[in-house]
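So the chains spell out like this:
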Amino acid sequence: AQSVTQLGSHVSVSEGALVLLRCNYSSSVPPYLFWYVQYPNQGLQLLLKYTTGATLVKGINGFEAEFKKSETSFHLTKPSAHMSDAAEYFCAVSNQAGTALIFGKGTTLSVSS
Amino acid sequence: DAGVIQSPRHEVTEMGQEVTLRCKPISGHNSLFWYRQTMMRGLELLIYFNNNVPIDDSGMPEDRFSAKMPNASFSTLKIQPSEPRDSAVYFCASSRGAVETQYFGPGTRLLVL
């Protein structure tokens, strides 16, 4: 069965530092992979997604993620954190039937000045 | 585009009362999802519809929960009777396809006393 594991429920970085949020997935079929962001008191919004093709995917707000099949990973990175990046981030994988998404537990990113 | 619309945004009710949450998906989207988010359990998929038909309701916690989608532009999630443990934020999301990008509404924050 498909599943998603987000390593680290809470990540803290300084402004200007590298952001790395980890996501590992389990899938018995070629996965579709997503990263969503949730700002306080708001719904989730898409950061980026991987379906097929290029394994390095660029998203909004300077974020990118690389699909590594051999490592079953889809880690999210940003070279330089900004205070406005503080939010909760969710990794998601398509289910086996390709009919819905399975979300991870989320990682809260804190950015300090 | 108006985005996914949910109402009410906040609901406070007493245990035993009926609660109805409403969702209007983005026009042209044929998949609709209901999620529940709590601190303890994270983001849980309750049920999703494709072309107004419920596809998978295995995430619905118990018979007290029911969801309908009478047409392509409206869905309801009903809890009857409500219990304090139902307190959560309930999100509706829609997409053009089951594993396409999901667009989330702002959520309904439910508090059952």
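The coordinates are above.
Quick notes on the rules
- Within each chain, residues carry numbers counting from 1 in the order of the written sequence.
- For naming, the first written chain is A and the first written ligand is 1, with later ones following in the order written.
- Totals for whole chains, interfaces and linings use every residue, but because this is a predicted model, local features are given only for residues with pLDDT of at least 70 and side-chain atom pairs only at 80 or more, for both listing and counting.
- Note that water and hydrogens are dropped before the side-chain values are worked out from all heavy atoms of the structure.
- Our working definition of a disulfide is a cysteine sulfur pair at a distance within 2.5 Å.
- Numbering of helices and strands runs from the N terminus, with a helix taken as a DSSP run of H or I at least four residues long and a strand as a DSSP run of E at least two residues long.
- Think of it in three bands: with a 1.4 Å probe and only protein chains considered, a residue is buried below 20% of the maximum accessible area for its type, exposed above 50%, and partly exposed in between.
- Centres within 6.5 Å make a pair out of two Phe, Tyr or Trp rings, where for Trp the six-membered ring is used; the pair is then stacked when the planes are under 30 degrees apart, edge-to-face when over 60, and tilted otherwise.
- By definition here, a salt bridge exists when the distance from a side-chain nitrogen of Lys or Arg to a carboxyl oxygen of Asp or Glu is within 4 Å.

A.B. asks: Explain the state of the cysteines to me, using residue names and the numbers behind them.
C.D. replies: Residue and element names in this part refer to chain A. Throughout the structure, instances matching the rule amount to 2 disulfides over all chains. Covalently, cysteine 23 is tied to cysteine 91 through a disulfide, its sulfur atoms 1.9 Å apart. Between cysteine 23 and cysteine 91 the disulfide shows an S-S torsion of about -65°. By sign, it is left-handed. With cysteine 23 in strand S3 (residues 19–26) and cysteine 91 in strand S9 (residues 87–94), the pair connects residues that are 68 residues apart, well separated along the chain. Cysteine 91 matches cysteine 23 in its accessibility class, with the two residues each being buried.

A.B. asks: Give a detailed account of the packing of aromatic side chains, specifying residues and quantitative values.
C.D. replies: Counted according to the given criterion, the structure contains 12 aromatic pairs over all chains. Ring plane angle 45° and centroid distance 5.5 Å describe the contact between A:Phe63 and A:Tyr89, whose orientation is recorded as tilted. Separated by 26 residues along the polypeptide, A:Phe63 in the loop between strand S6 (56–58) and strand S7 (64–68) and A:Tyr89 in strand S9 bring together distant segments of the chain. Side by side, A:Phe63 and A:Tyr89 carry an identical accessibility label, which is buried. What links up through ring pairs into an aromatic cluster is the set A:Phe34, A:Tyr36, A:Phe103, B:Phe33, B:Tyr35, B:Tyr48, B:Phe91 and B:Phe104.

A.B. asks: Outline the pattern of salt bridges, listing residues and values.
C.D. replies: Residue and element names in this part refer to chain B. Counted according to the given criterion, the structure contains 11 salt bridges over all chains. With a shortest N-O distance of 2.7 Å, arginine 64 and aspartate 86 are connected by a salt bridge. Here arginine 64 is found in the loop between strand S6 (53–56) and strand S7 (65–71), whereas its partner aspartate 86 is found in the loop between strand S8 (74–79) and strand S9 (88–95), with 22 residues between them in sequence. Look at arginine 64 and you get buried, because its relative accessible area is 9%. The class of aspartate 86 is buried, set by a relative accessible area of 1%.

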